[in-house]
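Observations on chain architecture
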Amino acid sequence: MKKKDKTWLNIIGLVVFLLSLPLFFRMGGGQIAMAEVLPGQAETGGLSFAALFEREKKAVVSANLNTIGVDDVEFSKALAVSAGGRPLRVTAEELANMKDLQYLRSNYYIVDSRTSLLAGDIDVEQALSLDLTIKKTKQEPKVLIFHTHIHEGFADSDMSKGLSEGIWGVGEELKRILEEEYGIGVIHDGGQYDMVNGKGQTTGAYERMEPPIREILKKYPSIEVCIDLHRDGVAEGTRLVTEIDGKSTAQVMFFNGLCRLNKNGTPQPISGLENPYIKENLAFSLQMKTAADQFYPDFTRKIYLNAYRFSLHFMPRSSLVEVGAQTNTKVEAKNAMKPLAQVLASVLTE
């Protein structure tokens, strides 16, 4: 080949290389190059070149981005990925923010004045990457839905017509969607634990609820998820509502108990109300909250942290969920079950 021809080939090769650099860096090439040339200045976590490239590529794919022509602002929205390759449903920037306890408290939680959220309670990255998936099947029940306060009604409920007018009817809708649309078997309990001798009595309901729920879990050992479904109580002028798919929809709130009470300014464990699954419960609610924020940003309220145990000690995947309040309508509450089912299925099966 003539020298002149080689010169032109070199020029063309250089042009192609320069044009490919933006794509290379958007795919994590900058970090890869630094990891190879300056390993002391790039955090690789001990990954090989090939593993690091695969991790960066997965981050791009998980964000459903078309890399070519995507600007840096859009690229930064890619979901953070755990060491195991699991998308965390938050951006790397948001994950860094969440590691600050004050930011986490202000943006993700309401902490009851009777308890305290401490620095060691939640390792955010660990909580978001915890594998809570189950094997979905309708052949045997995987989810138990129950209601410690089954007579909770809504603005237009006529509870004299039966339990379907209140929160139990909302639970039936959640059961239907989980089974029909997601193939997850559900047991829906109709126990009336807020009644004593035919009269309404919420005091002691959590104690009365436990033996029957234990019996259900013993009878159906395939159950891996417990959901205690409630509706909240708020000031009469408060409306917990958003719009999803053109429908007026009640907002939901995930609720955790820390089993810790402030006494003389010091948080102390509550004797007799222990829960071995607090960290898993907190991970479950945080994963659902971040999934909901990704799908429907205005659907969930902040996670409420209370001092007591409530019904969250049965298993790691236990959650207490408040659906709207007494100021919402039945339709608004039932409309909330479709996005809630999507959030649950996302955390439990993806």
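Look up: the structure comes first, before these words.
So, here's what we can say about the structure. (Residues numbered from 1 in each chain as written. Predicted model: local features only at pLDDT ≥ 70, side-chain atom pairs only at ≥ 80, totals over all residues. Heavy atoms only, no water.)

On to helix α9 (residues 205-219). When the terminal C-alpha atoms of α9 are compared, their 22 Å separation across 15 residues agrees well with the 21 Å that a helix rising 1.5 Å per residue should span. In α9, a bend of some 25° at Pro211 exceeds every other bend along the element. Each element contacted by the buried residues of α9 is listed here: β4 (143-146), β5 (186-188), β8 (225-232) and β15 (317-325). (Helix = DSSP H or I, 4+ residues; strand = E, 2+ residues; numbered from the N terminus. Expected span 1.5 Å × (residues − 1). Bend = angle between axes of the 7 residues up to and from the residue. Contact = heavy atoms within 4.5 Å.)

Read across the open sheet, the seven strands follow the order β3-β14-β11-β15-β8-β4-β5; overall the sheet is mixed. For this open sheet the edge positions go to β3 (109-111) and β5, each flanked by a neighbour on one side alone. Between one strand axis and the next, the sheet turns by 25° as a mean value, whatever way the strands run. Summarising the sheet, β4 and β8 pair through four bridges and their orientation is parallel. Looking at β8, one finds that Phe146 is bridged to Asp228. Across the sheet, helix α6 (residues 101-108) lies against β3 and β14 (303-306), angled at about 95° from β3, the strand it touches most. Along the sheet, α9 makes contact with β4, β5, β8 and β15, crossing β4 at roughly 155°. (Pairing = 2+ DSSP bridges. Axes fitted to C-alpha atoms, helices over the stretch in contact; angles between N-to-C directions.)

Take Ser285: it is sitting in helix α10 (residues 278-295). By relative accessible area, which is 2% here, Ser285 ends up buried. Side chain to side chain, Ser285 and Asn256 meet in a polar contact 2.7 Å long. Leave out the neighbours within four places in its chain, and Ser285 touches Phe254, Asn256 and Ile303. (Buried < 20%, exposed > 50% of the residue type's maximum accessible area, 1.4 Å probe, protein only. Polar contact = N/O pair within 3.5 Å; in protein donor to acceptor, adjacent residues only side chain to side chain.)

Backbone geometry places Arg89, a non-glycine residue, at a positive phi of 70°. You can call Arg89 buried: its relative accessible area is 18%. In the Ramachandran plot, Phe310 falls in the positive-phi region, its phi being about 60° despite a non-glycine side chain. Structurally, the position occupied by Phe310 is in the loop between β14 and β15.

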